[in-house]
Amino acid sequence: MKRRGKGGGSVFYHEGKGKWVAQLTWVDPTTGRKLKREKHCATRKEAEQALAQMVAEQARGLLMDPSRLTARDFALEYLRRLEREGLRPNSIRLAQGELAYALPSLKDPKAHDPLGRMRLQEVKPVHVRAAVDRVIEAGYAPRTVARVLMRLKALFREALRLELVARNPAEAIQVRLPKGEKAARALEPEEVARLLEAAEASRSRDMALLLRLMLETGLRRGEALALQWGDVDLERGEVRVWRAWAKVGSKGAFTPLKTPTAKRVVPLPLGLLHRLKARKEELLERLNPEEVDGLHLVGGVKPVDPDAFNHYLRRLAEKAGLGRVRVHDLRHTWATLALSRGIPLEVVSERLGHTSPTITLNVYRHLLEEERRGYVLDLEDLLFPGPRAIS
């Protein structure tokens with residue numbers, strides 16, 4: 001055995017296993033516990049190098065107690081921390097759902113979860129890759145697989161910041177995925193007309209009004225569901241968006257808007273304004289103005305369950321022969337039609353509640369490319385106005 005000075009560790013040959021062993025012993029300053037780390041190597045030189053690395057990591061505080069903290073336990077604490085930091089309930093639910101594809105025990109503690117049951121410090125890139133491969137083999141969409149990997153990278157990035165691991169085992173993983181379906185579908189004007197015709201023939205007038213509101217303003221589902229009649233200014237022809245109604249767990253709840261810029265005032269098209277006025281007049285025939293202002297556009301005193309509109313839209317699209325139409329497709333349709341008719345990008349971005357026009361541009365860049373091709377400066381027209389012969 002070759003010993004070094006105090007805290008320098010040792011290198012020795014293990015007869016029983018036929019391996020060289022790098023061994024380092026130290027005392028945890030927070031608990032006072034004596035800790036030991038060993039690494040088995042094929043040669044003495046490799047053991048010397050391994051020991052030098054362990055000594056360096058221990059000096060930087062990166063060589064932690066081989067804790068029993070599992071990847072699942074850390075993921076649960078990570079999600080709780082996001083909640084304490086004020087992340088929106090919907091965002092936390094989405095993060096948990098995406099992590100659960102790779103860590104099934106987050107949803108079902110009894111589920112088979114090889115990665116989740118590993119000690120956090122023992123997780124290597126090969127283990128992360130295996131978890132991602134299981135998601136791919138289960139047949140999930142490429143976009144879902146990409147989101148799962150993104151969440152795993154964020155999870156282990158947090159562990160790295162807290163110095164619970166020496167490196168991020170997910171950072172090295174790259175997955176080549178085929179292109180999946182588009183994030184959203186923009187309905188053609190003829191399809192919009194068929195959808196609205198089916199809505200007018202449906203039983204729920206309030207749901208039909210909500211559908212028209214979303215198609216004509218680009219509001220998110222949660223923003224539209226949270227609206228009360230007191231948020232609708234029929235004199236000025238505008239609606240005030242200041243909160244959202246979202247699914248939190250198994251129940252609906254009011255939540256802050258997605259971004260600070262999402263708090264906005266949106267003007268109403270004339271036809272929609274007339275419909276809203278007519279609906280409010282019907283309510284005023286049996287309720288006083290204060291009572292009406294406290295009611296939601298759909299659901300009355302309390303908004304309807306967020307999933308109810310999803311089911312309504314699905315049935316409506318089927319009746320209209322449009323196939324699958326998702327709620328976000330309505331917002332995407334409004335933005336697409338607005339940009340295609342020349343409404344400035346900055347205005348569309350503001351109406352959508354985007355943080356900046358850059359975000360809007362990144363999503364709808366393809367629509368603006370054709371428009372930009374038409375912007376050319378012809379000096380002949382400027383210098384010699386009037387009809388010119390074309391040679």
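Coordinates for the structure precede this section.
On a predicted model such as this, the values are computed, not experimentally measured, just so you know.

K.L.:
Just to check I follow, could you spell out the environment of M54 for this structure?
P.N.:
Note that M54 resides in helix 1 (residues 44-59). Note: C-alpha distance between M54 and G9 (45 residues apart in sequence) is 8.9 Å.

K.L.:
Even after reading the chapter, I still don't get the nonpolar core, so can you show me in this structure?
P.N.:
If you look at soluble globular proteins, the nonpolar side chains tend to sit buried side by side. Ranked by internal contacts, the top residues of the largest apolar core, which has 49 residues, are L195, L211, L213, L276, F309 and L330. The leading source of residues in this core is helix 7 (residues 205-217), at eight residues.

K.L.:
Explain the sheet that holds strand 5 (residues 232-233) here, please?
P.N.:
To summarise the sheet geometry, strands pair through backbone hydrogen bonds and adopt either a parallel or an antiparallel arrangement. Here we have three strands laid out as an open sheet, ordered 5-6-9, and antiparallel in their pairing. A strand with exactly one partner marks an edge of an open sheet, and here the two such strands are strand 5 and strand 9 (264-267).

K.L.:
Would you explain the side chain of E223 in this entry?
P.N.:
Following the sequence through the fold, E223 ends up in helix 8 (residues 221-225). Within the structure, E223 has its side chain in polar contact with the side chain of R220 (distance 2.7 Å). The contacts of E223, once residues within four sequence positions are left out, are V241, R243, A244, L257, A262 and R264.

K.L.:
Explanation requested: helix 3 (residues 89-102) in the structure shown.
P.N.:
Because an α-helix completes one turn every 3.6 residues, residues spaced three or four positions apart along the sequence face the same direction. For helix 3, with 14 residues, the first-to-last C-alpha span of 21 Å sits near the 20 Å given by 1.5 Å per residue. For helix 3, the complete set of buried residues consists of I92, A95, G97, E98, L99, A100 and A102. Where the residues of helix 3 are buried, they touch helix 2 (71-84), helix 4 (125-137) and helix 5 (142-161).

K.L.:
What is the right way to look at the side chain of R72 in this model?
P.N.:
As for its position among the elements, R72 is in helix 2. Side-chain polar atoms of R72 contact the backbone oxygen of S105, separated by 2.9 Å. Setting aside chain neighbours within four positions, we find R72 in contact with S105, L106, P109 and G116.

K.L.:
Just checking my understanding: could you explain the packing of helix 2 against helix 3 for this structure?
P.N.:
To describe two helices that pack against each other, one gives the angle between their axes and the distance between the axes. Between helix 2 and helix 3, the shortest axis-to-axis distance is 10 Å and the interhelical angle comes to 165°. Between helix 2 and helix 3, the angle is such that the two are roughly antiparallel. Crossing of helix 2 over helix 3 shows right-handed handedness. Contacts between helix 2 and helix 3 pair Y78, L79, L82 and E83 from the former with I92, A95, Q96 and L99 from the latter. Split into classes, the residues belonging to the contact of helix 2 with helix 3 amount to six nonpolar, one polar and one charged.

Thresholds applied
Residues numbered from 1 in each chain as written. Predicted model: local features only at pLDDT ≥ 70, side-chain atom pairs only at ≥ 80, totals over all residues. Heavy atoms only, no water. Helix = DSSP H or I, 4+ residues; strand = E, 2+ residues; numbered from the N terminus. Core = buried A, V, L, I, M, F, W, Y, C linked by side-chain atoms within 4.5 Å. Buried < 20%, exposed > 50% of the residue type's maximum accessible area, 1.4 Å probe, protein only. Pairing = 2+ DSSP bridges. Polar contact = N/O pair within 3.5 Å; in protein donor to acceptor, adjacent residues only side chain to side chain. Contact = heavy atoms within 4.5 Å. Expected span 1.5 Å × (residues − 1). Axes fitted to C-alpha atoms, helices over the stretch in contact; angles between N-to-C directions. Parallel < 35°, antiparallel > 145°, perpendicular 65-115°, else oblique. Left-handed = near helix turned anticlockwise from the far one by under 90°. Nonpolar A, V, L, I, M, F, W, Y, C, P; charged D, E, K, R; others polar.

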